[in-house]
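# Analysis of the macromolecular model
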Amino acid sequence: NANTTIDFTGTSVYTPETRVEMLTLSPLVPLPLDETLREQLGGAYSPSAGGGCSRVPEQRYEFEVQYNSSPENVDKLSKTVFAIIDTLKTQPASASDINKVKEGIIRQREVSLKQNNYWMSSIVAREQAGEDLAGMLQPYDDLVKAIDANLIMNAARKYFDMNNYARFVLLPEM
């Protein structure tokens, strides 16, 4: 099998809003990716996608799409990935998909809030970034509630910059 990685990177401003945008895109890309690559084309195994942003050593974002396929399907499937990304940029996400994303973020947060490690790392990160610690509570919940189709399209346009990505293909030894 060939292993393909498509990596979008660039500068970003490290804010709670940026982090929520990345949290929103991370589960949205695998939904159609899995359906299209695996189920419709039957040519990919284990597609995944995800991203995040960092503050140190510089404020940057990274979003990665990865899948395995037969070597002869690499280019066809890469075109499909770019078509999925284009759809996120140009067509509003369905209410169902938006609700799935919000529910996933809320469930993960409910689990995280019960763990000391989450509190410690969040407090340290916010303190180092000069952010208000109160932002960990209701303001964060408000950001998640505000996720809508426009936020998703704008985030996709911002982070899926077709002028700033790299594609890596690891082919099997011949």
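Residues numbered from 1 in each chain as written. Predicted model: local features only at pLDDT ≥ 70, side-chain atom pairs only at ≥ 80, totals over all residues. Heavy atoms only, no water.

Note on placement: K89 falls in helix 3 (residues 74-90). Despite being buried, K89 has no salt bridge partner; D86 is the closest side chain of opposite charge, sitting 5.7 Å away. Within the local environment of K89, its side chain forms a polar contact with the backbone oxygen of F160, the two atoms lying 2.6 Å apart. Beyond its immediate stretch of four places on either side in the chain, K89 contacts M153, A156, R157, F160 and M162. (Helix = DSSP H or I, 4+ residues; strand = E, 2+ residues; numbered from the N terminus. Buried < 20%, exposed > 50% of the residue type's maximum accessible area, 1.4 Å probe, protein only. Lys, Arg positive; Asp, Glu negative; His and termini not counted. Salt bridge = Lys/Arg side-chain N within 4 Å of Asp/Glu carboxyl O. Polar contact = N/O pair within 3.5 Å; in protein donor to acceptor, adjacent residues only side chain to side chain. Contact = heavy atoms within 4.5 Å.)

The subject of this paragraph is the confidence of the model for the chain. For the chain, the average pLDDT comes to 90, and 95% of its residues sit at 70 or higher. Taken element by element, the chain is modelled with least confidence in helix 2 (residues 30-40), mean pLDDT 73, and with most confidence in strand 4 (residues 165-170), mean pLDDT 97. (pLDDT = per-residue confidence, 0-100.)

Another aspect to go through is the nonpolar core. Of all hydrophobic cores here, the largest spans 34 residues; its most connected members are F8, L25, F63, V65, I152 and F160. Of all the secondary structure elements, the ones that give two or more residues to this core are strand 1 (2-11), helix 1 (16-28), strand 2 (44-54), strand 3 (60-69), helix 3, helix 4 (95-112), helix 6 (138-145) and helix 7 (149-159). With six residues, helix 3 is the largest single contributor of residues to this core. Each residue touching F8, except ones within four places of it in the same chain, is listed here: Y61, E62, F63, F82, I85, Y159, F160, D161, M162, N164 and Y165. (Core = buried A, V, L, I, M, F, W, Y, C linked by side-chain atoms within 4.5 Å.)

A few words on the layout of surface pockets. A volume near 400 Å³ is recorded for the largest pocket. Taken together, 18 residues line the largest pocket, and the ones lying closest to its centre are R19, L23, Y118, S122 and Y140. Counting only elements with at least two residues in the lining of the largest pocket, the list comes to helix 1, helix 4 and helix 5 (116-129). The element that contributes the greatest number of residues to the lining of the largest pocket is helix 5, accounting for six residues. Across the lining of the largest pocket, the residue classes break down as ten nonpolar, four polar and four charged. There is about 160 Å³ of room inside the second largest pocket. In this structure, the second largest pocket is lined by L28, P32, I84, T87, L88, Q91, P92, A93, S94 and D97. By residue number, the principal contributor to the lining of the second largest pocket is helix 3, which donates three residues. For the lining of the second largest pocket, the class distribution of residues is six nonpolar, three polar and one charged. (1 Å grid on protein atoms, 1.4 Å probe; cavity = no way out; pocket = protein on both sides within 12 Å on 5 of 7 lines; lining within 4 Å. Points joined across faces, edges and corners; volume = space filled by probe spheres on them. Nonpolar A, V, L, I, M, F, W, Y, C, P; charged D, E, K, R; others polar.)

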